[in-house]
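One letter stands for each residue in the lines below.
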Amino acid sequence: MKKVVMYTLSTCPWCMRAKTFFREKNILFEYIDYDKADEATRKSILEDCMSHGEKMSFPFVKIGEDVVVGYDPKKYSSLLDK
Amino acid sequence: MDTNKRMEQFRTMFQRVIDPLGYKFSPDEEIVDFLLEQEVMLEKEKGSPFCPCQGLTGEREHDMKLVCPCIPFHREHYDAMRRCWCGLYVHKDVDDPDELVQISKKEFEASRNKG
Amino acid sequence: MVPWFFAINESELDEGDKKPLLMEGNKILLLRQEGGFYAISNKCPHMECPLSKGDMEGYVIKCPCHDWRFDIRSGEFLDAKEITVPAYETKVDDGKVYVNLER
Ligand code: FES
């Protein structure tokens, strides 16, 4: 099983939908709400997003080695099956 | 101020900004209500109605470009998606916002360099 | 109606300065730059903050609230020219500054 980690915001509806997507598929995932995180965590999220050539646009979903920025169930599914 | 009242004020003020840019409020009323409510909370907490779906760094120059409507500062990217990042606004010709997908910054830049 | 309204005496506004005025019920911001007088609405088209509290750099005024920048000559928002703050014509006659409130 690929590891799923996502960065989210507590204010973002697409982040909620992304979480729901994985929950409904019974796929375990970890998430961090950027806006609720402490300063050090926030900094490391910023650096992680930038290292992938992205901005802090949420949800930021890591499926194994791959990254999907935004709510895109089709992409999530195809990466999970890959 | 009462949340609903502030949400209505946002609607009126932001409509004037997005209209000349070729955008309208999303026809998905549920999303619009949710996002506007978040923006009222963000204004109370942080002083400005920031985008509920993009991260703030605390640097003024960065964060002010994320105050709603942030379309002017991300125009090409949003035009390519035909919506703004959080989906509060869509291009005027969009009837079904569910057909649209979010394109990340990296994907957008890659497609622009190709085209 | 005659659209030209008296604003202030020329001597009341120094070079590089700005002054908010209430003219016929309109919140107007009068500015003097490079010797010329410019008049724009004092309400930012974003969320209506008073531009009179913003910083000026040459012909550009920056809104104090969220830093939107406008050209005081045309009223254009620098990051999206489709958005403007209303700009009004001005004229100086015999030491008096007038603003044309019709646009
Ligand atoms: S009110 Fe002027 S920039 Fe927001």
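Look up: the structure comes first, before these words.
It should be emphasised that the depicted structure is a prediction, and the values quoted were computed from it without experimental measurement.

## Some remarks on the interface of chain C and chain B
Each partner contributes residues to the interface: chain C has 14 residues there, and chain B has 19 residues. Summed over both partners, the interface of chain C with chain B buries about 1,300 Å², with 60% contributed by carbon and sulfur atoms. Counting the surface chain C buries against chain B, the share from its top three residues, C:Met47, C:His66 and C:Glu82, is 37%. Ionic pairing is found between C:Glu48 and B:Arg16, a salt bridge with its closest N-O pair at 2.7 Å. The tally of links from chain C across to chain B stands at 7 residue pairs in polar contact (both at pLDDT 80 or more). When grouped by side-chain class, the residues that make up the side of chain C that touches chain B number 8 nonpolar, 2 polar and 4 charged.

## Side note on the sheet that holds strand β11 (residues 96–100) of chain C
Residues and elements named next belong to chain C. Spatially, 6 strands are ordered β1-β11-β10-β4-β3-β2 in an open sheet, and the strand pairing comes out antiparallel. What marks the edges here is a single partner per strand, and that holds for β1 (4–9) and β2 (18–23). The mean angle between the axes of side-by-side strands here comes to 30°, regardless of whether they run parallel or antiparallel.

## Notes on the nonpolar core
With 55 residues, the main nonpolar core has A:Phe58, B:Leu88, B:Tyr89 and C:Leu51 as its most contacted residues. Broken down by element, the residue count for this core peaks at 6 residues, all from helix α1 (residues 3–18) of chain B. Apart from residues no more than four positions distant in its own chain, C:Leu51 is found in contact with C:Lys18, C:Leu29, C:Ile40, C:Ser41, C:Asn42, C:Cys44, C:Ile61, C:Cys63, C:Pro64, C:Phe70 and C:Val85. Among the nonpolar cores identified, the runner-up in size contains 14 residues, and C:Ala7, C:Ile8, C:Leu21 and C:Ala39 belong to it.

## Let's talk about helix α1 (residues 13–24) of chain A
Helix length check: α1(A) (12 residues) gives 16 Å between terminal C-alpha atoms against 16 Å at 1.5 Å per residue, within 8%. Residues of α1(A) that are buried include every one of A:Pro13, A:Trp14, A:Cys15, A:Ala18, A:Lys19, A:Phe21 and A:Phe22, and no others. For α1(A), the secondary structure elements touched by its buried residues are β1 (4–8), β2 (30–33), β3 (60–63) and α3 (73–81) of chain A together with α2 (29–46) of chain B.

## Quick notes on the pattern of salt bridges
For the structure on display, the rule yields 24 salt bridges over all chains. Its salt-bridge partner being A:Lys19, residue A:Asp33 comes within 3.4 Å of it at the nearest N-O pair. Note that A:Asp33 is positioned in strand β2 and A:Lys19 in helix α1, a separation of 14 residues in sequence. Judged on exposure class, the residue A:Asp33 and its partner A:Lys19 are both buried. With a shortest N-O distance of 3.9 Å, C:Glu10 and C:Arg32 are connected by a salt bridge. Separated by 22 residues along the polypeptide, C:Glu10 in the loop between β1 and β2 and C:Arg32 in strand β3 (residues 26–33) bring together distant segments of the chain. Judged by its relative accessible area of 28%, C:Glu10 is partly exposed. Owing to a relative accessible area of 17%, C:Arg32 belongs among the buried residues under this scheme. The structure contains a network of salt bridges with shared partners spanning B:Glu8, B:Arg11, B:Glu29 and B:Asp33.

What counts and what doesn't
- Residues numbered from 1 in each chain as written.
- Chains lettered and ligands numbered in written order.
- Predicted model: local features only at pLDDT ≥ 70, side-chain atom pairs only at ≥ 80, totals over all residues.
- Heavy atoms only, no water.
- Contact = heavy atoms within 4.5 Å.
- Buried area = accessible area lost by both parts, 1.4 Å probe.
- Salt bridge = Lys/Arg side-chain N within 4 Å of Asp/Glu carboxyl O.
- Polar contact = N/O pair within 3.5 Å; in protein donor to acceptor, adjacent residues only side chain to side chain.
- Nonpolar A, V, L, I, M, F, W, Y, C, P; charged D, E, K, R; others polar.
- Pairing = 2+ DSSP bridges.
- Helix = DSSP H or I, 4+ residues; strand = E, 2+ residues; numbered from the N terminus.
- Axes fitted to C-alpha atoms, helices over the stretch in contact; angles between N-to-C directions.
- Core = buried A, V, L, I, M, F, W, Y, C linked by side-chain atoms within 4.5 Å.
- Buried < 20%, exposed > 50% of the residue type's maximum accessible area, 1.4 Å probe, protein only.
- Expected span 1.5 Å × (residues − 1).

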